[in-house]
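# Coordinate analysis (summary)
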Amino acid sequence: MSISAPGSIWLVGCGNMGAAMLRRWIAAGIDPASVTAIDPYTAAVPDGVTLLRQAPADGAPDVLVLAIKPQQLGAMPPLGGPGTLLISILAGVEEATLAARFPVRAVVRAMPNLPVSIGKGVVALHGAQADAAARATADLLMAPLGRVEWLADEGLFHIVTALSGSGPGFVYRFIDALAQAGTALGLPEDQALRFAIATVEGAAALADGAGAGPAELADRVASPGGTTRAGLDVLDRDAGLMRLVRETLDAAARRSAELAEAARNA
Ligand SMILES: NC(=O)C1=CN([C@@H]2O[C@H](COP(=O)(O)OP(=O)(O)OC[C@H]3O[C@@H](n4cnc5c(N)ncnc54)[C@H](OP(=O)(O)O)[C@@H]3O)[C@@H](O)[C@H]2O)C=CC1
Ligand SMILES: O=C(O)[C@@H]1CCC=N1
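Predicted model only: the values in this text are computed from it and were never measured.

Turning to helix α4 (residues 157-165), a few remarks are in order. Those residues of α4 that sit buried are Phe157, Val160, Thr161, Ala162 and Ser164. In this fold, the buried residues of α4 make contact with β6 (106-111), β7 (121-126), α5 (167-185) and α9 (240-265).

Next comes the structure, spelled out in structure tokens:
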């Protein structure tokens, strides 16, 4: 997919997530000359992207992408102008909070996840006050990042942040657990990790478009009286895995709500 930049872009905060989006945008054909990355410490940006250590004192971009930590919002100057679309990826921080801080034309919230760097991420979007042009610009910029869907209600961000925003972190824990268990049982460590990663990748790819839900797919793997059933019986005992994952998402969603509250009062 190749896209042209929707005007000038300022990317404020070029850490893990900002850099991941930037890498993909450049790979997707956005002109690096249209992007200014603003970050006090980031080591490098793709060739042709302007890197500034602090935001310019004047001027405003067409698109301002905010990718600092939510806790750093309070120290941000009121960037943007009457023609600027603000896209914020800050966990928790609400559109009303952003609109009150930045003198921009429109605000769109986005919740991406780390695999956007290879175009296989998830991006949830919402912008209650965003007009059709603002939504189209957000769609254009997010399209190369992976699966993009608009949320019906801003309140759903807490859940989406827990599920797909934080989700890769939870999946990496599971991959690590698979690999470590394989190693503990006797496989060479590097081979256990390769097999664990390839198994999760293949299972996810098969589930997408399989025409069957994950429960049915699990049953298809589990031959009657076989090895998978013996293992699933452990995961399913007292709904153990289900409970653990529910508590995991509850904790992440609660933290998102706390970040929203803190930003409201910052
Ligand atoms: N990581 C992820 O998978 C995801 C993150 N997010 C959201 O993305 C945002 C960034 O997260 P993440 O990339 O993990 O965090 P990072 O800390 O890696 O990135 C934030 C970057 O912004 C820099 N920064 C701090 N203050 C300023 C400033 N005033 N102007 C410009 N840059 C500044 C930071 O520098 P320094 O380190 O020196 O403070 C850092 O390099 C967060 O709001 C998070 O909620 C959303 C979805 C997924
Ligand atoms: O951990 C965080 O707060 C961010 C938001 C989602 C993923 N990383």
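Once the structure has been displayed, the description carries forward.
What follows is about a nonpolar patch on the surface. There is a patch of nonpolar side chains on the surface, built from Leu235, Leu241 and Val245 and spanning about 220 Å² of accessible area. Within the secondary structure, Val245 sits in helix α9. Relative accessible area serves as the criterion here: at 43%, Val245 is assigned to the partly exposed category.

One ladder, built from 5 bridges, connects β7 with strand β8 (residues 146-150); its direction is parallel. Considered in β8, the bridge of Ala124 is made with Glu149. Each parallel crossover has a hand, and for β7 linked through helix α3 (residues 132-142) to β8 it is right-handed.

What follows covers the site of ligand 2. The local shell around ligand 2 consists of Ala91, Thr161, Gly165 and Ser166. Protein chains bury 46% of the 240 Å² of accessible surface belonging to ligand 2 in isolation. Its residues placed into classes, the shell around ligand 2 shows 1 nonpolar, 3 polar and no charged.

Right, let's talk about the UniProt feature "domain: Pyrroline-5-carboxylate reductase dimerisation" (unreviewed entry) in the protein for a bit. Those places that UniProt annotates as "domain: Pyrroline-5-carboxylate reductase dimerisation" (unreviewed entry) correspond, in this numbering, to residues 154-259. With 80% helix and 0% strand, residues 154-259 has end C-alpha atoms that lie 14 Å from one another.

The rules behind the values
- Residues numbered from 1 in each chain as written.
- Chains lettered and ligands numbered in written order.
- Predicted model: local features only at pLDDT ≥ 70, side-chain atom pairs only at ≥ 80, totals over all residues.
- Heavy atoms only, no water.
- Buried < 20%, exposed > 50% of the residue type's maximum accessible area, 1.4 Å probe, protein only.
- Helix = DSSP H or I, 4+ residues; strand = E, 2+ residues; numbered from the N terminus.
- Contact = heavy atoms within 4.5 Å.
- Patch = residues over 30% accessible without salt bridge, like charges linked within 9 Å, V, L, I, M, F, W, Y side chains within 5 Å.
- Areas by Shrake-Rupley, 256 points an atom, 1.4 Å probe, with all protein chains shown as cover.
- Salt bridge = Lys/Arg side-chain N within 4 Å of Asp/Glu carboxyl O.
- Pairing = 2+ DSSP bridges.
- Right-handed = clockwise from strand over helix to strand, strands pointing away.
- Near = heavy atom within 4 Å.
- Nonpolar A, V, L, I, M, F, W, Y, C, P; charged D, E, K, R; others polar.
- UniProt positions renumbered as here; feature names shortened; annotations may be inferred.

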